[in-house]
Every structure is written in structure tokens, then in C-alpha cells.
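# Architecture and fold: a report
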Amino acid sequence: MTNPDTRNCDTIWHNARLATLAEGADGLGLVEDGIVASRDGRIVYAGAASDAPPLDADTAVDCERRWITPGLIDCHTHLVYAGSRAREFEMRLEGASYEEIARAGGGIVSTMKAVRAASENDLIDDTLPRLDALLAEGVTTIEVKSGYGLTRDDEVKMLRAARRLGEARDVRVRTTFLGAHALPPEFKDDADGYIDLVCDDMLPEVAKAGIADAVDAFCEGIGFSAGQTERVFAAAARYDLPVKLHAEQLSNLHGAELAAKHGALSADHLEFLDEDGVAAMAKAGTVATLLPGAFYFVRETKLPPIDALRRAGVPIALATDCNPGTSPLTSLLIVLNMGATLFRLTVDECLAGVTRSAAQALGLQDDIGTLEPGKACDLAIWDIEHPAELVYRIGFNPLHARIRAGK
């Protein structure tokens, strides 16, 4: 007779070791003899085999003692773009700074020209190899920003291309409108006029089309002022879109405080973040998304205030910041190692940074980022002996299987 408490499942992964990353768990929430069970793409049970309720599944997968983590989340990318900026890399090697390259007409504006010349299908074709590299390392959710079109039609084109990535591949895509990324040449010396365009023309069209999950801006001396950024945030609020911010990367314009004031999901980069910014983020629940690839690539020397973020209890996420100019990086596993070696994050912090905290940076903490009942069954199954190997190894991909929505 069937036990009335038996839970019907599609798939059970057993004989596994788990890093659940569950809220409130010690460290990574490690389980030595674990089971994950799913039904209709959702986790029914994740935990110790000895504590599991009766489970009846169509398919049982013997994991042969492999480790299971939540599927990895890349919560800050500029993945959709066209063209190459390898020559700028050479210029940087010859001594040119990020600011000098940008002011000379390179940087974001260089990519803008390539994006404007590309069709939506061109952008998808160019992006898929970058996306595939991330998926091959266990990424199941990715955020993709616009910001290289800098006209209404080209920003919409980028966002539509980003959304279509989730149709071309089995991956959850979150899109972010970043119209306030750089000043296009046609608005030279008229930043306020361009912000008018972002707020009154681009954003209404993006919201009407329903193609953005959040709004971002680049608050920086070579980007936009705090006042201009606040105008973008106010416009986002009119359309009930959450905000994020590139803040304190090259200088301290108090962007993180501004982001926190507006309840931002995250403030990102943060090398020049001060104590007031940390306190504001902690109070607002704003995630600190750190981008060690950009730190490494531009040879930055000022570290983000890791200890201050820890003391304040600010969640720390990690992401590739994949972009053509300052972080041409398509490996979240390398980001884990960079987070540890460059920023001195612990193994637990690094792994939480690409799972639980990354989910929070996207506003998806109730749906993904941990192995807990009710959440999406997004898993990464690894051929490793301990989770620390995911942070320790460089240029080695131990992924055994990637599971998205239980499949």
C-alpha cells in the first residue's frame, strides 16, 4: 500500500553530497549523504537522505558521491555586444588609462558604433558563443544589460536580443536597461539632454514593450552625475522597475548611498565605496556586487572595502561583468578564484556570491540561489572532492551536469 505521505517526483538525484547554501545554514549548508528531488521543475526535497520523506520518482539518478550546488548565477554582464576592443587592450598595455581611452572616443562609444551597425540577429549570433562558455560552467541564470546602443531603437534592439537568448538556450535571462551608460557623440556637451531622452523616450518604450526587469546607470565622472542618475531612478519608479547602479568604480560620487536611498537591488564595482555608503547599503538591503574581472583587467589597485561590508552584513555577490572593454571574461569559475585571490574572500563567500547573494542581486532570492523546497530545480553537479576546488582551481572545469528547471 502506498504511504500517504509519499511525495511524487519527476527526478531524484541521490548518493550525492550537497552544498545547499540555504539561508541560516552553517557555512555552505553541506550535506554528506544527500538527495535532491524535483517535480514540475521545482525542488520538492533537498537534504540528508536520512531525513527524506518517502519519495516516488519516475527517474532516479545515482550521483556517485558527486557534489551538487545550486546552478550558478552571473548577476552582472554586458554580454550582448558587437565588435572587438582588442586594440584598446593594446593601448592600455602601452600606458593609456580607462578614462583616456574613453575621452579619446574609444571605450563604450567604440562598441556603440558596432552595435548600431548590427542587426538583432547579428547580436544574438555574436553573443551565443559567450553565453555557451558560461553555461558550460554551470550557469543557469544570467543578467544581461543594454547600454551600447544609446538610442531608443538600438537599446530596444539589445534588450530584445538578450531576451531571445533565453529562447535559443535553456537559461533564465534577466534584462537590465542601461541607457545611462555613456554619452553618445550626438549629445556631446549635453548630458542633461541625453538624460531627458533616457527618461522621457527610451524608458517609456522599454517599459511598454516589457523587455526590462530592472534599470541601471553608470554614476561616474566619465559617466553621469548623482543628480542625473537620480532622475533615471525616478523615471524607473514611474514604471515600477527596480534599480541597480554602477557605483564607486573610479571615484566616490556617493552613488551607493543614492542607490540605497532608492532601494536598489545592488550597487556594483564599489572600489571607492566609503563607510557611509556601506551603512546605507546595509540598511536598505542592497547587495554589493563585486567584479574582480574588471579590477584585474584595468589593473586597479584600490580594493573594495571587504571588511566593512562584512561587518555591516552587506551580502556580497560576484559576477563576470563580461564586456568588451574592461572585462572580456566568460568564466564564472575564474571569477571565483579572482574573488578569493584578489579580494581575499573566503570559499564560502565566493560560492554564496555566485548563488544565494547573486540571486538576491537580481531580486530572485525567493526562486533561485539555494537548494530548498519550492525553489526552481537549477543544479550544477560537479566532479570534485570538496566545494573549495571550485574556487581553488584555475582553468579547469569539473562540471559533470547542468540541470535547469529539473531537466
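Per chain, the residues get numbers from 1 upward, laid out in the order the sequence is written. Predicted model: local features are reported for residues with pLDDT of at least 70 only, side-chain atom pairs are reported and counted for 80 or more only, and whole-chain, interface and lining totals are derived from all residues. The basis for every side-chain value is the complete set of heavy atoms in the structure, and neither hydrogens nor water enter the calculation.

## Quick look at the overall build of the protein
- Going along the chain from the N terminus, every DSSP run of H or I of four or more residues is numbered as a helix, and every run of E of two or more is numbered as a strand. Each helix and strand in the protein was counted, giving 15 helices and 15 strands.
- Here the C-alpha atoms of the protein give a radius of gyration of 21 Å, agreeing with the 22 Å that 2.2 N^0.38 yields for 407 residues.
- Residue burial in the protein is summarised as follows: out of 407 residues, 56% are buried.
- Counting only contacts in the protein whose residues sit at least 6 apart along the sequence, the fraction spanning at least 24 positions is 72%.
- Using a 1.4 Å probe, the Shrake-Rupley method yields the accessible areas, and only the shown protein chains count as cover for residues. Summing over all exposed atoms, the protein offers an accessible surface of approximately 15,700 Å²; the carbon and sulfur share of this is 48%.
- A residue counts as positive if it is Lys or Arg and as negative if it is Asp or Glu; His and the chain ends are not included. A single reference atom marks each charge: NZ on Lys, CZ on Arg, CG on Asp, CD on Glu. Side chains of the protein give 40 positive and 62 negative charges; the mean places of these two sets differ by 2 Å. Here the radius of gyration uses the C-alpha set of atoms, whereas the globule reference equals 2.2 Å times the residue count to the power 0.38. Relative accessible area decides the class of each residue, using a 1.4 Å probe on protein chains only: under 20% of the type maximum gives buried, over 50% gives exposed, and in between gives partly exposed. Residue contacts follow a heavy-atom distance rule, with two residues in contact if any of their heavy atoms lie within 4.5 Å.

## Description of the UniProt feature "binding site: 4-imidazolone-5-propanoate" (unreviewed entry) in the protein
- UniProt positions are given in the numbering used here, feature names are shortened, and annotations may be inferred rather than shown by experiment. Under the UniProt annotation, "binding site: 4-imidazolone-5-propanoate" (unreviewed entry) lies at Arg 85, Tyr 148, His 181, Gln 249 and Thr 326. The annotated residues that sit in the lining of the largest pocket are His 181.
- Among the residues examined, His 181 registers a relative accessible area of 5% and is labelled buried.
- Not counting chain neighbours up to four residues away, the residues in contact with His 181 comprise His 78, Ile 108, Gly 147, Tyr 148, Leu 150, Phe 218 and Phe 224. Put simply, the grid is 1 Å and covers the protein atoms alone, a cavity is a trapped set of points that fit a 1.4 Å probe, a pocket is an open set with protein on both sides within 12 Å along at least five of seven lines, and lining residues have an atom within 4 Å of a point.

## Quick word on empty space enclosed by the protein
- Grid points are joined across faces, edges and corners, and a volume is the space filled by probe spheres set on the points. Per the counting criterion, the structure on display carries four cavities of 30 Å³ or more.
- A volume near 50 Å³ is recorded for the second largest cavity.
- As for the second largest cavity, its lining consists of Pro 70, Gly 71, Ile 73, Thr 140, Thr 141, Ile 368, Gly 369, Thr 370, Ala 376 and Asp 378.
- Considering only residue class, the lining of the second largest cavity consists of four nonpolar, five polar and one charged. For this scheme, ten residues count as nonpolar: Ala, Val, Leu, Ile, Met, Phe, Trp, Tyr, Cys and Pro. Four count as charged, namely Asp, Glu, Lys and Arg, and the remainder, Gly too, count as polar.

## Concerning the sheet that holds strand β9 (residues 214–219)
- Taken in spatial order, the eight strands make up an open sheet running β6-β7-β8-β9-β10-β11-β12-β13, and their pairing is parallel. Two strands lie at the open edges of the sheet, namely β6 (72–74) and β13 (316–318), each paired on one side alone. The sheet shows a mean angle of 25 degrees between the axes of neighbouring strands, taken without regard to direction.
- Note on geometry: axes are C-alpha line fits, over the in-contact stretch for helices, and angles between N-to-C directions span 0 to 180 degrees. The sheet contacts of helix α12 (residues 332–341) involve β6, β7 (139–145) and β13, and relative to β6 the element is tilted by about 85 degrees. At least two DSSP bridges between two strands are needed for those strands to be called paired.

## Brief notes about the layout of surface pockets
- Roughly 480 Å³ of internal volume is contained in the largest pocket.
- Around the largest pocket, the lining comprises 20 residues; the ones closest to its centre are Ala 102, Arg 103, Val 109, Leu 183 and Ile 222.
- Of the residues that constitute the lining of the largest pocket, the class distribution is twelve nonpolar, five polar and three charged.
- Considered as a void within the structure, the second largest pocket measures approximately 220 Å³ in volume.
- Around the second largest pocket sit 16 residues that line it, and Pro 315, Ile 316, Ala 352, Arg 356 and Ser 357 are the ones nearest its centre.
- At the level of elements, α11 (306–312), α13 (347–353) and α14 (356–361) are the ones that each hand at least two residues to the lining of the second largest pocket.
- In terms of residues, the lining of the second largest pocket owes the most to one element, α13, which gives four residues.

## Side note on the environment of Ser 266
- By secondary structure assignment, the location of Ser 266 is in strand β11 (residues 266–269).
- Residue Ser 266 is classed as buried on the basis of its relative accessible area of 0%.
- Measuring from C-alpha to C-alpha, the distance between Ser 266 and Tyr 148 comes to 21 Å, with 118 residues separating the pair along the chain.
- Not counting residues up to four positions away in its chain, the partners in contact with Ser 266 are Val 243, Lys 244, Leu 245, Thr 286, Val 287, Thr 289 and Ala 361.
- Side chain to side chain, Ser 266 and Asp 268 meet in a polar contact 2.8 Å long. Under the rule applied, a polar contact is a pair of N or O atoms within 3.5 Å (in protein, one hydrogen donor and one hydrogen acceptor; residues adjacent in sequence only if both atoms are side-chain atoms).

## So, the UniProt feature "binding site: N-formimidoyl-L-glutamate" (unreviewed entry) in the protein
- UniProt tags Tyr 148, Asn 323 and Gly 325 as "binding site: N-formimidoyl-L-glutamate" (unreviewed entry). These residues run over 178 residues, yet every pair of their C-alpha atoms falls within 11.5 Å of each other.
- Take Asn 323: it is sitting in the loop between β13 and α12.
- Every residue in contact with Asn 323, bar those within four places of it in the chain, is listed here: His 78, Tyr 81, Tyr 148 and Pro 328.

## A look at the nonpolar core
- Among buried residues, those of type Ala, Val, Leu, Ile, Met, Phe, Trp, Tyr and Cys that are joined through side-chain atoms within 4.5 Å constitute a nonpolar core. Core analysis: the biggest nonpolar cluster contains 95 residues, and Leu 165, Phe 177 and Leu 270 have the highest contact counts within it.
- When neighbours within four sequence positions are excluded, Phe 177 is seen to be in contact with Ser 146, Glu 155, Leu 159, Val 198, Met 202, Leu 203, Val 206, Ala 212, Ala 214, Val 215 and Asp 216.
- Val 36, Cys 63, Leu 371 and Cys 377 belong to the second-largest nonpolar core, a separate cluster that totals 14 residues.

## Looking at the pairing of strand β2 (residues 30–39)
- Bridge count between strand β1 (residues 7–19) and β2: six bridges; the pairing is antiparallel. Within β2, the position partnered with Ala 16 by the bridge is Gly 34.
- The sheet contact formed by β2 and strand β3 (residues 42–48) spans six bridges and is antiparallel. Each bridged residue has a counterpart across the sheet, and for Gly 34 the counterpart in β3 is Ala 48.

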